[in-house]
Amino acid sequence: MNLSGFRDIGLGRDAVWSGLLDGDVLQRSVPGCTELTGSATDGFEAVVVQKVGPVKATFRGAVVLEEMVAPESLVLRGEGKGGAAGFAKGGAHVRLEETTDGTRLHYEVEAKVGGKLAQLGSRIIDGFAKKMADQFFENFQSVLEGSPEEEEATTEAEETDETAEKKGWLKRLVKS
Amino acid sequence: MPKDGGIGASTKRREDLRFLTGKGRYTDDINLHGQAYAYFLRSDIAHGTINSIDTSGAEAMPGVVRVFTASDFEGVGGIPCGWQITDRHGEVMQEPKHPVLAEGKVRHVGDPIAVVVAESLDQARDAAEAIDVDITELEPVLDMKAAVADGAPKVHDDLTSNLCYDWGFVEENRDAVDQAIKNAHHVTTLELTNNRLVANPMEPRVAVGDYSLATDEHTLYTTSQNPHVIRLLMGAFVLGIPEHKLRVVAPDVGGGFGTKIFHYAEEAFCTFAAKQLRRPVKWTCSRSEAFISDAHGRDHVTKIELAMDKDGMFLALRTDTYANMGAYLSTFAPSVPTWLHGTLMAGNYKTPLIYVNVKAVFTNTVPVDAYRGAGRPEATFQLERVVDKAAREMGIDPVELRRRNFITEFPYATPVAVEYDTGDYHATMDKLLDISNHAGFAARAADSKARGKLRGFGIAHYIEACGIAPSNLVGQLGARAGLYESATVRVNATGSISVMTGSHSHGQGHETSFAQVVSDMIGIDADQIDIVHGDTANTPMGMGTYGSRSLAVGGSAIVKATEKIISKARKIAAHLLEAAEADIELKDGAFTVAGTDKSVAWGDVTLAAYVPHNYPLEEIEPGLEETAFYDPANFTYPSGAYGCEVEVDPDTGKVDVVAFSAADDFGNIVNPMIVEGQVQGGLAQGIGQALLENCAYDENGQLLSGSYMDYTMPRADDVPMFKVDHSCITPCTHNPLGVKGCGEAGAIGSPPAVVNAVIDALQRAGHDVTHIDMPLSPDRVWAAMNR
């Protein structure tokens, strides 16, 4: 399974690059990610809860960043084991291109599944992977840019930790 | 006038009362005191090296009794293969070890790595997730031709290649066949695939192992078609348990279709673990698990060439087949593409020269073995497809081309080593054309056309070989078992009878039809006769049920044993009637002195045998119980003509089977209703293969069609009302019943009939389509039409 696409993000290339290396950003971007520890240099450990067709599972696995050429390109590689559900693994080649309005993030994703996921979910896996990728980059974009709702929330209850987490990443970066 | 009992009567199936009211006793209904539950952790990758297995986490989980891995089976043998093929160079096949649990490597998705035994199935399943298996993935071997190319990764590192064997048959014919093809007026060539199938019996496999410390006896309850074979293979080759300490019980079994012939690792595991743990161990296969652990069927890729003279007379036939063995050799896997396939390549035709080459290949897929028809469907499909293509190329009507080449004199020795004893292929063809109203096809096609549909008529004429035998011959061919059948007929004191058969019934209705045979021979009511099967403790050593052998071989053993009973009873009757034995006649359950009204009833004779007060004790022993083993002199050769009529939707490519007629020659018929049911079931499976079913792997060796969402079983609305006829009868000459076997015919003859019909429909509509590989799904048909 392969898919590719791009997203325009209204931020500079360095900011987008930093986001890709940030565990907090990644955790909030990966759909269903409930835990993410580690760092860009040592790799991340992640726990992701996802439902693929009839198979719902908790995937535990590692995410590593490879072939890093700051701030232009990198490869995100991950493998998750879902116990009885089987496994999912894949990689994303990401390339950042400067544009007049910010940065264009190009991605090429390849995904592989095995075990019960393949046995039961193969017919929907392409659509699922596309949805996951779309969601990831959608989340990534909104985490970086900060959505209007988040800004609203920020003004209403600026001091609580809970809402602080929801703030746009860049805004928090600027504030701190 | 239909009979109301005995041979030839459509007696209703006595077993249906319990099956239809939910009172069947299947293996999963067996629950023993103190039983623990086994859950198999299976590989989710196709090929890899096992670096380590850490079971400590699982062992600490609630309810876990023990976790087993390959290291627990070091003193145990591998799962044996029951047939050894010698290749065309005189070398024996490559035979890899098939461990109970994966040793060092995993070789297919589903290969068992470890087993958790726990107090409950849920606990076992949960604990299996805590097993940490470290595997390094290896490149999987999937495509058969690539698998035997130089430098291909190897499924088994200790073998020289992925080639199990390269079989040539008949090797001495090779050059003559090549020459005849080279010089022929016309050669029709066809490359085709016989799609991989999953048998999908309604009841998934189950095994319950039990061990008695008091008697040192093992018992295995299992979903098997042949409990004695399992006892022999597992006892002698895997676990080292002598027969007198090992009982195998196969109670009611919900369908087998071949996939329950074989000895599986789960059976050996449960038997082994029950002794280790001193408590019963049960494993119940889930449907998902069945897809990756039951032996699959078919999966051949073939090139076939048929050489003809200018009149369409067949001169020579040459085939080149790759047959998938999967990752390990299942019990009878090597025999399927060879002796069960090559010997049938003559079909119904007088082709004088035939050469069959088969390369059996290991791949990182589930093992492949016999599935309803086993080799014969593959042979029939190739042959009936190439004959149909040849007819179109030669401009000869497909019925006429077949008729020109039909064998008409019997016995007939084929160039592929078998001798057909009887048959009348013109008769079955005539019958088919009649019951299918072949003459009215043009009008029906016009009607379809008016409705925007493309109608086609496809014919196939099959031969099959049932009741594979005799044992001394199959031994020479590489069988590691005998192929006789056994029966013990135990007449009780009051005249009722228990027949203990080595055959096994798992949907065939033996309890009804076998009782009809004995009832007919003695002349007592069938209700007085019970058929006992499925338990090695109370049946004589028998080879079980597969290959449409049960009536021809098992039924003949029952006839032989019953003949011994009648012979002895006649002596007793002669004594009671004070007459010469030669003058005693048995009729309608009474012994009569010929030409007199002096007679003695069956029950009085049987009582005398057990209460021998007035009895010739100096001449014969008391009691009335006889055993017979029957080893046939030859195969039986059922044959038949099948006609399929389809409508193709030109907009979508969807194929509807609108009519299907079958004219079979099964020899004599014991129960016509059961025979019709067998044919209908076989036709549904064959139509399933032709149009719907496909076992597909992706390029990583992941099973894609691993559930009923993607593996399409035929449903009621996928098949038409069948017209089934078995009035063409040429009795088998070498078994006492004159029967031939009917269990697989439907699945053998129907796939080529369906494909021929679709090709006919497309060609009539002007499409230049000569072949589409099965299953003929709408997308494939549409693509072929719109190329």
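Residues numbered from 1 in each chain as written. Chains lettered and ligands numbered in written order. Predicted model: local features only at pLDDT ≥ 70, side-chain atom pairs only at ≥ 80, totals over all residues.

*Asks:* I would appreciate a short explanation of the pairing of strand β7 (residues 163-169) of chain B in the present structure.
*Replies:* Residue and element names in this part refer to chain B. Summarising burial for β7: 5 of the 7 residues are buried, a large majority. The sheet contact formed by β7 and strand β15 (residues 353-362) spans 6 bridges and is antiparallel. Of the residues in β15, the one forming a bridge with Phe169 is Val356. (Buried ≥ 20, exposed ≤ 12 C-beta atoms within 10 Å, placed from the backbone. Helix = DSSP H or I, 4+ residues; strand = E, 2+ residues; numbered from the N terminus. Pairing = 2+ DSSP bridges.)

*Asks:* Before we go on, may I ask you to explain the domain arrangement of chain B in this structure?
*Replies:* Residue and element names in this part refer to chain B. Partitioning chain B into domains gives domain 1 (16-22 + 484-630) and domain 2 (425-462 + 636-787). Placing the centre of domain 1 and that of domain 2 at their C-alpha centroids yields a distance of 40 Å. Counting residues per element, the side of domain 1 that touches domain 2 draws most heavily on helix α15 (residues 550-577), at 5 residues. Broken down by class, the residue content of the side of domain 1 that touches domain 2 amounts to 4 nonpolar, 8 polar and 1 charged. (Domains from an automatic or database assignment. Nonpolar A, V, L, I, M, F, W, Y, C, P; charged D, E, K, R; others polar.)

*Asks:* Help me out: how do you make sense of the sheet that holds strand β11 (residues 246-249) of chain B in this one?
*Replies:* Sheet strands pair by backbone hydrogen bonding; their relative direction is either parallel or antiparallel. Residues and elements named next belong to chain B. Across the sheet, which stays open at both edges, the 7 strands sit in the order β3-β5-β1-β12-β9-β10-β11 with mixed pairing between neighbours. Edge positions in the sheet fall to β3 (64-69) and β11, since each has one partner strand and no second. Within this sheet the neighbouring strands show an average axis-to-axis angle of 20°, counted without direction. Of the pairings in the sheet, the one linking strand β9 (residues 206-212) to strand β10 (residues 217-222) comprises 6 bridges and is antiparallel in character. (Axes fitted to C-alpha atoms, helices over the stretch in contact; angles between N-to-C directions.)

*Asks:* Just to check I follow, could you spell out helix α19 (residues 778-785) of chain B for this structure?
*Replies:* Side chains that are three or four residues apart share a direction in an α-helix, a result of its 3.6 residues per turn. All names here are of chain B. Those residues of α19 not exposed but buried are Val781, Ala784 and Met785. Around the axis of α19, the buried residues are gathered within 100° of arc, so they sit on the same side. The inward-facing, buried residues of α19 contact β26 (639-648), β27 (655-665) and α18 (745-764). (Arc of directions from axis to C-beta. Contact = placed C-beta atoms within 7 Å.)

*Asks:* Is there a simple way to think about the environment of Glu409 of chain B in this case?
*Replies:* Residues and elements named next belong to chain B. Relative to the elements of secondary structure, Glu409 occurs in the loop between α10 (398-405) and β16 (412-413). Judged by C-beta crowding, with 7 C-beta atoms within 10 Å, Glu409 ranks as exposed. C-alpha of Glu409 to C-alpha of Lys350: the two residues are 59 residues apart in sequence and 10.0 Å apart in space.

*Asks:* Would you explain the UniProt feature "domain: Aldehyde oxidase/xanthine dehydrogenase a/b hammerhead" (unreviewed entry) in chain B in this entry?
*Replies:* Under the local residue numbering, the UniProt record ascribes the feature "domain: Aldehyde oxidase/xanthine dehydrogenase a/b hammerhead" (unreviewed entry) to residues 21-139 of chain B. Each end of residues 21-139 of chain B is marked by a C-alpha atom, and these two atoms are 50 Å apart; helix forms 11% of the span and strand 29%. (UniProt positions renumbered as here; feature names shortened; annotations may be inferred.)

*Asks:* Which parts of the structure should I look at to understand the packing of α15 of chain B against helix α16 (residues 602-610) of chain B?
*Replies:* The angle between the axes and the distance between the axes are what describe a pair of packed helices. Residue and element names in this part refer to chain B. Packing of α15 against α16 leaves a shortest axis separation of 9 Å and a crossing angle of 95°. As summarised for this structure, α15 and α16 are arranged roughly perpendicular, according to the angle between their axes. On the side of α15, the interface is formed by Ala569, Ile572, Ala573 and Leu576, while α16 contributes Asp604, Val605, Ala608 and Ala609. Split into classes, the residues belonging to the contact of α15 with α16 amount to 7 nonpolar, no polar and 1 charged. (Parallel < 35°, antiparallel > 145°, perpendicular 65-115°, else oblique.)

*Asks:* How should I be thinking about the sheet that holds β26 of chain B in this particular structure?
*Replies:* All names here are of chain B. Reading across the sheet, the 4 strands line up as β18-β26-β27-β28 and stay open at both edges, with mixed pairing between neighbours. Only two strands of the sheet have a single neighbouring strand rather than two, namely β18 (454-463) and β28 (722-725). Across the sheet, the axes of successive neighbouring strands diverge by a mean angle of 10°, strand direction being ignored. As paired strands, β18 and β26 are joined by 10 bridges and run antiparallel to one another. Counted as the bridge partner of His461 is Ala641 from β26.

*Asks:* Please clarify how the nonpolar core should be interpreted in this entry.
*Replies:* Counting residues in each nonpolar core, the largest one holds 274 residues, and the members touching the most others are Ala38, Val116, Val117, Val754 and Val758 of chain B. In this structure Val754 of chain B touches Gly458, Cys644, Val646, Val657, Ile687, Ala690 and Leu691 of chain B, once residues within four positions along its chain are discounted. (Core = buried A, V, L, I, M, F, W, Y, C linked by C-beta atoms within 7 Å.)

*Asks:* Sorry, what's going on with the confidence of the model for chain A here?
*Replies:* Residues and elements named next belong to chain A. This prediction gives chain A a mean pLDDT of 82; 83% of its residues lie at or above 70. Here helix α4 (residues 148-156) stands out as the least confident element of chain A, with mean pLDDT 45; helix α1 (residues 13-20) is the most confident, with 93. Predicted confidence for residues 150-166 stays below pLDDT 50, and this span has 10 contacts to residues more than four positions away or in other chains. (pLDDT = per-residue confidence, 0-100.)

*Asks:* Sorry if this is basic, but what is going on with the interface of chain A and chain B here?
*Replies:* Note: interface size is frequently given as the accessible area lost on complex formation between the parts. Taken together, the contacts link 13 residues of chain A with 16 residues of chain B. When residues of the side of chain A that touches chain B are traced back to their parent elements, those giving at least two are β7 (103-114) and α3 (116-145) of chain A. By residue number, the principal contributor to the side of chain A that touches chain B is α3 of chain A, which donates 6 residues. Class assignment of the residues belonging to the side of chain A that touches chain B gives a composition of 4 nonpolar, 6 polar and 3 charged.

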